[in-house]
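Notes for the structure review
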Amino acid sequence: MERSVANEAPKATIMVEDYKKNLEFIEEVTSNVDEVQMRVLAEILSQNAHVEYLQRYNLNGRTDRETFKKVVPVITYEDIQPDIKRIAYGDKSPILCSQPISELLSSSGTSGGESKLIPSTEAALGRRLQLLKLLMSVMSQVAPDFGKGKGMYFMFISSEQKTPGGLLARFFTTSFYKSPYINCGYPCRKFTSPTATILCQDSYQSMYSQMLCGLCQNQEVLRVGSLFATGFIRGIRFLEKHWSLLCNDIRNGTINTQITDPSVREAVMEILKPDPKLADFIEAECSKDSWQGIITRLWPNTKYVDAILTGSMSQYIPILDYYSNSLPLISTLYGSSECHFGINLNPFCKPSEVSYTLIPTMCYFEFLPYHGNSGVIDSISMPKSLNEKEQQQLVDLADVEIGQEYELVVTTYSGLYRYRVGDVLRVAGYKNNAPRFNFLCRENVILSIGADFTNEVELQNAVKNAVGNLMPFDSQVTEYTGYVDITTIPSHYVIFWELNANDSTPVPPSVFEDCCLTIEESLNYFYREGRASNASIGPLEIRVVEIGTFDKLMDYCSSLGASMNQYKTPRCVKYAPLIELLNSRVVSRYFSPMCPKWVPGYKKWNNTS
């Protein structure tokens, strides 16, 4: 015992020193943003000076920013897809990157029915890990009982595929969870889920066993979460459906026979012991009429909920508040399949105020001014190339302006050059000289018939406004998505709603029609013009679907290879099988009863102030 205590003291001291160094590093790089960014770009271009891609543009080994911006174009995924295909088929020559490509990371890509494949290297994984360590150092300053207890996080892997050239193609979360880095050597990375339960590819067995282990260790849990809010809410809904089976296992110290994976059963049995008292407690709580505060009731020591709640995920804030008794909801890290970008330096801020400080050592950042539906840059349609004038409009990290919106463009160490990520960000403020950004939306998630362009934020706000009509009837929209029905003349928007309704106060059809109109009234000028002026757009339709439809949608996307960790309900579905699934579960349909208000003249030009 004395030996154990003696060993703990040096470890704690080393950890504190690591935290201190990481916090000093954040201060340094955020104070010298442009200098760091020029060094990063020079490093990337120097390391990759002889790769085929840069040679195409006659960069000739130059590493200065001016030459780079002059000769290297801004691109989308489609521009480099032939190069990535060569890599996937086994071409090991330095096409995009001088370092060996270790794997191809899949983007979530569920709305289009397929994933993009992003080249990655061992060094890239190291940089992602560095950002995670910076985040842990920030959390050590602000999180209650940091480093103590355990986290109940629902984590899942997806199937991996080997490319014809032998590279693994998989989601980043799968790569990370299967790596030795998942715990990072930090005490706050202790999870209730044994590794075998995370690595089980059967989603039911994985969720069941992770929930079972989380319940067995309920007194040790100090934080709960998942990568995205949807993953954690799926866990709570799973508990609503299966709590009696889970209680039976806890009461008897046995595992349900549906859990057949031997490694999962073995890992769970190391934790699971007969505990009738705990089973009675869980049964009593889950049997109550209301599930409000169920998180703090079952896991009473929980300090916060950790999940991404920005962009389209923000709609889940009220549901998480309901389940958690308004525990702090924190969104900590901003990244993508292409690269990890930044962290939230004030993680306990309000969810509506979340901003991410981009760490300038991660990659080289540029920003394309975003003008939405009205600007000279038609960034909604994600053109394959920008003209010379548009390319000149890109600004550097040190030159963005507060309040302005931009599309993120990155140059990474692993072979992406001036690559349009597709995220739209707004400058919220600064950490020293480093901008902080609000994540607004995925730029290319839209509904469009003609001149109208409805992006993710606009649709989200429109649905939020319409939901107010349901409040007198104690009904909520728990999930939604949309698509353009081109089978009608004229085409029209269809919004699928899944409801949590009170059977004793049914919603009249006229109220759903009012919801349709409210959505239309909330959409942009060009949409309303198409409805009211030239009849190029038909009345908006709401299709109410059966309860559980969006769970089936996620299951179907997962069967196609989408990651449960990275899955986000698509706000615009274009993939025919997804539309067919949704339509097969429609229980009622409603149309907007009249045209929305519209006055000629675009509001931007009508504003004389």
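What you are looking at is a predicted structure, and each value in this text was computed from that prediction instead of being measured. (Residues numbered from 1 in each chain as written. Predicted model: local features only at pLDDT ≥ 70, side-chain atom pairs only at ≥ 80, totals over all residues. Heavy atoms only, no water.)

Our next topic: the overall build of the chain. In terms of helices and strands, the chain carries 21 helices and 22 strands. Counting only residues that meet the buried cut, the chain has 55% of its 609 residues in that class. Sequence separation of at least 24 residues holds for 71% of the intrachain contacts in the chain that already meet a minimum separation of 6. Within the structure as shown, the chain displays about 25,800 Å² of accessible surface, and the carbon and sulfur contribution to it stands at 51%. (Helix = DSSP H or I, 4+ residues; strand = E, 2+ residues; numbered from the N terminus. Buried < 20%, exposed > 50% of the residue type's maximum accessible area, 1.4 Å probe, protein only. Contact = heavy atoms within 4.5 Å. Areas by Shrake-Rupley, 256 points an atom, 1.4 Å probe, with all protein chains shown as cover.)

The next point concerns the confidence of the model for the chain. Scored by pLDDT, the chain comes out at a mean of 85, with 88% of its residues at no less than 70. Mean pLDDT across the elements of the chain ranges from a minimum in helix α21 (residues 603-606), with 32, to a maximum in strand β21 (residues 541-545), with 97. Scored below 50 in pLDDT, residues 1-8 makes 0 contacts in the model with residues more than four places away or belonging to other chains. Confidence drops under pLDDT 50 across residues 373-384; counting only partners more than four residues distant or on other chains, this segment forms 40 contacts. (pLDDT = per-residue confidence, 0-100.)

Turning to the sheet that holds strand β22 (residues 586-591), a few remarks are in order. Overall, mixed pairing links the 4 strands, which are arranged β19-β20-β21-β22 in an open sheet. Each edge of the open sheet is held by one strand with a lone partner, namely β19 (476-485) and β22. Mean inter-strand twist for the sheet, computed between neighbouring axes without regard to direction, equals 25 degrees. (Pairing = 2+ DSSP bridges. Axes fitted to C-alpha atoms, helices over the stretch in contact; angles between N-to-C directions.)

Here helix α16 (residues 456-467) crosses helix α17 (residues 509-522) at 140 degrees, and the two axes come no closer than 8 Å. The angle between α16 and α17 places the two elements in the oblique class. Note on packing geometry: the crossing formed by α16 with α17 is right-handed. Listed contacts from α17 to E458, A462, V463, N465 and A466 of α16 are C515, T518, I519 and S522. Split into classes, the residues belonging to the contact of α16 with α17 amount to 5 nonpolar, 3 polar and 1 charged. (Parallel < 35°, antiparallel > 145°, perpendicular 65-115°, else oblique. Left-handed = near helix turned anticlockwise from the far one by under 90°. Nonpolar A, V, L, I, M, F, W, Y, C, P; charged D, E, K, R; others polar.)

Core analysis: the largest hydrophobic core is formed by 81 residues, its most contacted members being F341, L358, F365, F367, L408 and Y419. Looking at this core element by element, the count peaks at 8 residues for helix α6 (residues 122-142). Two domains each provide a minimum of three residues to this core, namely domain 1 (144-302) and domain 2 (359-442). Not counting residues up to four positions away in its chain, the partners in contact with L408 are Y334, F341, L358, F365, E366, F367, Y419, R420, V421, G422, D423 and L425. (Core = buried A, V, L, I, M, F, W, Y, C linked by side-chain atoms within 4.5 Å. Domains from an automatic or database assignment.)

Moving on to helix α11 (residues 262-269). Those residues of α11 lying buried are V264, A267 and V268. Along the axis of α11, the buried residues cluster in a sector spanning 95 degrees; they form a single face. Along α11, exposed side chains directed more than 90 degrees from the buried face belong to P262 and E266. (Arc of directions from axis to C-beta.)

Our next topic: the pattern of salt bridges. In this structure the tally under the stated criterion is 31 salt bridges. Across the salt bridge formed by E27 and K431, the nearest N and O atoms sit 2.5 Å from each other. Residue E27 is located in helix α1 (residues 2-31), and its partner K431 is located in strand β15 (residues 419-431); the two are separated by 404 residues in the primary sequence. Linked by salt bridges that have partners in common, D34, R65, K69, E366, D396 and R418 make up one network. (Salt bridge = Lys/Arg side-chain N within 4 Å of Asp/Glu carboxyl O.)

Once that is clear, we can look at the packing of aromatic side chains. Counting across every chain of the model gives 22 aromatic pairs. When the centroid spacing of 5.8 Å and the interplanar angle of 20 degrees are considered together, the rings of F172 and F176 count as stacked. In this pair, F172 and F176 both sit in helix α7 (residues 172-177), 4 residues apart, roughly one turn of the helix. A relative accessible area of 11% means that F172 is categorised as buried. Classification of F176 by relative accessible area gives buried; the value is 9%. Each residue in the set Y334, F341, Y356, F365 and F439 is aromatic and connected to the rest through ring pairs, giving one cluster. One Lys or Arg, R128, reaches over the ring of F172 and ends 4.4 Å from the middle of that ring. Over the aromatic face of Y480 sits the side chain of R571, whose NZ or CZ is 4.3 Å from the ring centroid. (Phe/Tyr/Trp six-rings, centres within 6.5 Å; stacked < 30°, edge-to-face > 60°. Lys NZ or Arg CZ within 6 Å of the ring centre and 35° of its normal.)

Further remarks concern helix α2 (residues 33-47). Taking 1.5 Å as the rise per residue, α2 with 15 residues should run 21 Å; its terminal C-alpha atoms sit 21 Å apart, in good agreement. Looking only at α2, the buried set comprises V33, V36, Q37, V40, L41, I44 and L45. Looking down the long axis of α2, one finds its buried residues gathered within 165 degrees of arc, a one-sided arrangement. (Expected span 1.5 Å × (residues − 1).)

Viewed as axis vectors pointing N to C, helix α19 (residues 549-559) and helix α20 (residues 576-583) meet at an angle of 155 degrees, and their least axial separation amounts to 10 Å. Regarding the angle of α19 to α20, the classification is roughly antiparallel. For α19 against α20, the interelement crossing comes out right-handed. Mapping the contact onto sequence places T549, F550, K552, L553, Y556 and C557 in α19 and P577, L578, L581 and L582 in α20. Of the residues contributing to the contact of α19 with α20, the split by class is 8 nonpolar, 1 polar and 1 charged.

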